[in-house]
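Structural description and commentary
Residues per chain are reported as follows:
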Amino acid sequence: MLSSMTTSFVARLRANDQAAWFELWETFGPVVRAQIMKWGNGRIGAETVRDLSQETMAALSNSIERYDPSRGARFSTWLLAIARHVLGDEMDRRMAAKRGGGKRGTSLEEAWMTTSGGVGVDEAYEAAVFRAKIEAAIRQVEKACEFTDFEIFRMRVLDGQSGKDVAAAVGVSEPTVSRRLAKVREMLRSRVAQTVATFSFTEEELAEGERNGLVQSPNKADDALFDEAVGEIFHRQMELRATGERGERF
Amino acid sequence: MQVAFGFIAVVFGLLVAAMLLAVVLVPLFRGIGWLVRHLFAFVGGEIKDTLRVVGAVITALVFSLLVVGNILIFRWSASSHFGRAFSAEISAGASSIYRIFVGHPARLLGLKSLVDGIENRVPQAVAAAPTRDKPSRRTGQFEHYKIVGSLPGGGSGSKLYVAEPDDIKLASFARNGHGDIGQVVVKSFSLKDGSSLPQIVRESRSLDAAKNLGLVLDHELTPERFYYVMEYMPGESLGVETQRMHAASPAEGLSDASLRRGLGYVEGLLATLRRYHDGGLWHKDVKPDNIIIHDGDAHLVDFGLITPLRSAMTLTTHGTEYFRDPEMVRMALKGVKVHEVDGARFDVYAAGAVLYSTIENSFPAHGGLSRISKRCPDTLRWIVRRAMTDYDKRYPTAAAMLADVQYVRSAQDPFNVKPAELPSVAGGIAEPNEPVVEVRDEDLAFMPPVQPTNPTKAVPTPGGGPRRAAATMAASVAAARAKPKLKVTGWWSGKYKLEDDEKLAGKGSRAVAMGLAPKPFVRVGKFGTSVAESLREADAMLDDAFGEIDDAINGGAKADREFFRAAHRAGGVGAAGVRRPAAEQLESARARAAARRSSAQERMNRHRHNRSGRKYASGVNFGVAASLFIFLAFGVGVAGLLVIGSIGSLKQNNTVTVQANGDTYADGVVARASAAAEAAGDGVSALVNAESPEPIAAPTLRGRVLVVDDLSRPLDARVSAWLRGGVALMEQAGLEVFSTLSDTQTDAADVNELVARVKVARAQQPLDSGKAREAISNWLHAEDSADVLVWIDPAPAGEGQPAVYVFGSPEALEGAPEGFLPMIERLFSPQG
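Throughout what follows, the structure given in this document is the object of discussion. (Residues numbered from 1 in each chain as written. Chains lettered and ligands numbered in written order. Predicted model: local features only at pLDDT ≥ 70, side-chain atom pairs only at ≥ 80, totals over all residues.)

Let us look at the overall build of chain A. The helix and strand tally for chain A stands at twelve helices and zero strands. When the helices and strands of chain A are read in sequence order from the N terminus, they spell out α-α-α-α-α-α-α-α-α-α-α-α. Considering only residue pairs separated by 6 or more positions, chain A has 70% of its internal contacts joining residues 24 or more positions apart. (Helix = DSSP H or I, 4+ residues; strand = E, 2+ residues; numbered from the N terminus. Contact = placed C-beta atoms within 7 Å.)

Printed below as a string of structure tokens:
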């Protein structure tokens, strides 16, 4: 059963809400681009992959009408199917444009709706999709909280600086750093839960956060693990983005 | 003890084996694996590119056919399109050929670095190369400018020329406050040169805004093209300069000197942005490539996307990825209007991205979350993040960010500065003294031009040039916004008059009622000048405000303007200080308005006329020309083959027919037969019986020949072959032969019947006797079944050669060539 956030987001996509499609592309674009590069196996240039824009994604919004959650597809699989369709469609359009004809209609394969998916997914891809969700949550937190608070979180968790250094840099006391960090952490926990719920179709996907150390009902010891997990996930995602932007495959 | 030694030896042996494995075998296998991969990559690449070449050739041929086909049905644009596709295929094929013969072999030999230059740097340099140094004939020349060079075109479909203005233009610039102009850049858009109408409209829309900041010196819009002129700033872009600085610095990051230099450029950028924002403008395309470093100063160029901050237009997603705030894209997708957001903050985001790229020598791929891995002060990291953070939390103005950057740059040791010390954090942000002037689209047209100043030199000088300019602008805008006081004189008729100028009452109310009240024209003039001067200035401003674009689009606007001007003068003081009667002034104004309207209409008509048929450049391109060439070459080839074929078929009458006897031909027989056929001319076959070494030239004939032989059966194989050869040659010469020796004869009973009848007619007389000859001739004359009779008579007593007798009816031989019967006789006469 899909969560209300998922159904709401899917409804926006179905309504061809450009902002929703942009959000989807902003969040998962790097992962999808990397996967397309991988599929392309050198035949598709970085420029081509980069050109696959959110407008192209939005043009595919009709395909989402055929989504059937009861068939058990994962969100990541669904995304991949769209990516593959985008690629094929883009290639067809380019060839058609080259030929001078119009856009040739393509049909989305529906094998992805099943549990097996019908599309080749691997662990690296699944992990990248999960990391993209966490990155989206971090971005939301950046929007929601004060700049200084987020900077404290960034320096302390993402950059790994000590509480003392952070306090000196920002000009506050260490307890203040801890307090503000706790505030951002809580917000992040909440956003992670929301983001994962929004971009998950299956129970297994929903439980990915817990499996990766992002415990939702923590004790004091779990905070450190949470920070560590967030830091690691974030940096790995940054690596993926950097790799993708360099036009390499992951 | 021995066991212990044995154990130690075994362990030692295992260790040695493990070390051997680790040190020698593993690298060896790795090397082998690398070599195999390398070879496979080479072979795979060669195969792949070979197939690509083949595919490209096939596709190119298909495109060439499409080009020709579309030309034939008069679809020029389509043929041009397919021509371009053809060019692309040829280009792809050429690249593949290069890889097959150079790229892959070089990589196989480990010479990747050798071909890197050709494969990467050359295409980059070619792409960045300036366009042609002179405008094309289609674009035409630019009056009062001498073109001296060109610059690489941008993404807006424009052509950029470096030019030197003549004395007239220089004087014009000087009058407008641009006294030190050397060379200028002419940015030209022409539909004929590939610019699109939306691009031209967008650029022209930003023109007025840029002009008011003194960024644009001159402009012109004609039916042929649109261009504007800016001051030329020679130098490299900040992107190139950044690469240079990083190349000269350690790998960890910029050296202290380079860092300060880079911060100086960013300061210059921020100062320029502050000036833009103070002037009510938003650059919208801030990126390293648009920042030119000249004499150590940063100059922001490219005004293609400049937008008034108070514009009523909807936000667009234009800009450059990584330097454009994703939030702006979200807002644009939601249909947010420009005046509903603070566009200056988007420029601040871009400035943060520029600072990031200067420090990191890369673009910020992750927006506000981008990591800075190079060596730099923590405060700069903070500044970058503050600039690129969420829309609501970033620096509110470029000035605030500038203060922070200046603080870091001016510090003794930037690495010792803490973020907490920054002016923006410590609450010491220096906000502008003067209020920021908000400029609306409609206000911009009425603004006087601001004296241009060097943006980087004008930075932190409160009350300096830019400030004064901004203040002047503020006063102008405030004056423009001042509303006249109206006094209604007739509620029913809607008439009213201005309280401070009752002369405009009545007919003059039309001007007010149309929303273009004379208010700005009265109040915009500089304070302390005479009224007449104010009027002249107001007139000049009007001319500036309503440019040629408006003229082309709305011919009546200028006429109305004249009317309003006249109305204003009617209510004020004449240029010479002499008042004229209002009616007379109105009359004159109407006449001028009518003349202007007529003139504008003429221009409109001319514009429409000139524009027709030129909307899209569908001329012959390389692909079209190449396709046509290939098609013509193919056509000529086919035609040539057909001609050669027809000549061959004409000459086919001179056929050489060789009748084999056994499996071998006599040496030279065929050659001699060919020569004989050639010599015989058209319509003649050269018949060669292998038994007869000399070829026999035989005309192509129509007739029926009966062959009778009295040879005893079974025939000798050699004799049989000879006779059958003779029959076959006659058949090939076009004769219809009745003979039991014929291979093609199907009805043997008919032949036997004929033979029997002729034998009865002969009546056992010797064939060489006159009676026999007469009897057979009579029989041929009476018989319709045959025209010629060949009778082969065995030698007496079986000795010697058989005799061949040929009989023909006179009718049958009519028209036959001379010597036909002897020829037949020779055909059956064995030689040697």
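On we go from here.
As a further point, take the overall build of chain B. The helix and strand tally for chain B stands at 26 helices and 19 strands. Within chain B, buried positions represent 36% of all 832 residues. Across chain B, contacts joining residues at least 24 apart in sequence account for 64% of those joining residues at least 6 apart. (Buried ≥ 20, exposed ≤ 12 C-beta atoms within 10 Å, placed from the backbone.)

Attention now moves to helix H1 (residues 2–72) of chain B. All names here are of chain B. Relative to the 105 Å expected for 71 residues at 1.5 Å per residue, H1 spans 100 Å between its end C-alpha atoms, a close match to the ideal helical length. Within H1, burial applies to Asp49, Ala56, Thr59, Ala60, Phe63, Ser64, Leu66, Val67, Asn70 and Ile71. Just beyond H1, the residue with positive phi is Phe74, at close to 65°. (Expected span 1.5 Å × (residues − 1).)

Now for the pairing of strand S17 (residues 735–738) of chain B. Residues and elements named next belong to chain B. The sheet contact formed by strand S16 (residues 703–709) and S17 spans four bridges and is parallel. Across the sheet, residue Leu706 finds its bridge partner in S17, namely Phe738. Handedness of the S16-helix H23 (residues 717–732)-S17 crossover: right-handed. (Pairing = 2+ DSSP bridges. Right-handed = clockwise from strand over helix to strand, strands pointing away.)

Chain B puts 24 residues into the contact, and the matching count from chain A is 20 residues. Looking at which element gives the most residues to the side of chain B that touches chain A, the answer is helix H8 (residues 326–334) of chain B, with five residues. Taken together, the residues of the side of chain B that touches chain A break down into eleven nonpolar, four polar and nine charged. (Nonpolar A, V, L, I, M, F, W, Y, C, P; charged D, E, K, R; others polar.)

This part covers the packing of helix H7 (residues 256–278) of chain B against helix H9 (residues 343–360) of chain B. All names here are of chain B. Taken N-terminus to C-terminus, the directions of H7 and H9 make an angle of 170°; their axes are 10 Å apart at the nearest point. As the angle between them shows, H7 and H9 are arranged roughly antiparallel. Residues Gly262, Tyr265, Val266, Leu269, Leu270, Leu273 and His277 of H7 form the contact with H9, whose participating residues are Ala344, Asp347, Ala351, Val354, Leu355 and Thr358. Taken together, the residues of the contact of H7 with H9 break down into nine nonpolar, three polar and one charged. (Axes fitted to C-alpha atoms, helices over the stretch in contact; angles between N-to-C directions. Parallel < 35°, antiparallel > 145°, perpendicular 65-115°, else oblique.)

With that settled, consider the nonpolar core. All names here are of chain B. If you look at the biggest cluster of nonpolar residues, it comprises 138 residues, and the most contacted ones within it are Leu269, Leu270, Ala351, Ala387 and Met401. Those residues in contact with Ala351, other than ones at most four positions away along the chain, are Val266, Leu269, Leu270, Leu273, Val286, Ala387, Ala398 and Met401. Of all hydrophobic cores here, the second largest spans 30 residues; its members include Trp722, Val755, Val758 and Val790. (Core = buried A, V, L, I, M, F, W, Y, C linked by C-beta atoms within 7 Å.)

Now for helix H9 (residues 174–198) of chain A. The end-to-end C-alpha separation of H9(A) is 35 Å, in line with the 36 Å expected for 25 residues at 1.5 Å each. Among all positions in H9(A), only Val177(A), Arg180(A), Leu181(A), Val184(A), Leu188(A), Arg189(A), Arg191(A), Val192(A), Thr195(A), Val196(A) and Thr198(A) are buried.

In any sheet, the strands associate via hydrogen bonds between backbone groups, in a parallel or an antiparallel arrangement. All names here are of chain B. Taken in spatial order, the four strands of this open sheet run S17-S16-S18-S19, and their pairing is mixed. With one partner strand each, in any of the chains shown, S17 and strand S19 (803–808) form the two edges of the open sheet. This sheet shows a mean twist of 20° between the axes of neighbouring strands, independent of strand direction. Sheet topology places strand S18 (residues 788–793) next to S19; six bridges connect them, and they run antiparallel. Residue pairing across strands places Leu789 opposite Phe807, the latter belonging to S19. This element, H23, spans S16, S17 and S18 of the sheet and lies at about 145° to S17. Sitting on the sheet, helix H25 (residues 770–782) is in contact with S18 and S19, with an inclination near 45° to S19.

Before going further, it helps to examine the sheet that holds strand S2 (residues 159–165) of chain B. Residues and elements named next belong to chain B. Strand order across the open sheet formed by five strands is S1-S2-S3-S5-S4, with antiparallel pairing between neighbours. Two strands close off the open sheet at either side, each with one partner strand: strand S1 (145–151) and strand S4 (216–221). Across this sheet, the average inter-strand angle for adjacent strands is 25°, counted without regard to direction. In terms of strand pairing, S4 meets strand S5 (residues 226–231) through five bridges, oriented antiparallel. Bridge pairing links His219 to Tyr228 in S5. Sheet strands in contact with helix H4 (residues 167–175) are S1, S2 and S4, and its direction is about 90° off that of S2.

All names here are of chain B. If you check the backbone angles, Lys284 has positive phi at about 75° while not being a glycine. Tracing the chain through its elements places Lys284 in the loop between strand S7 (281–282) and strand S8 (291–294). Not every positive phi belongs to a glycine, and Asp295 is a case in point at roughly 55°. Inspection of the secondary structure puts Asp295 in the loop between S8 and strand S9 (297–300).

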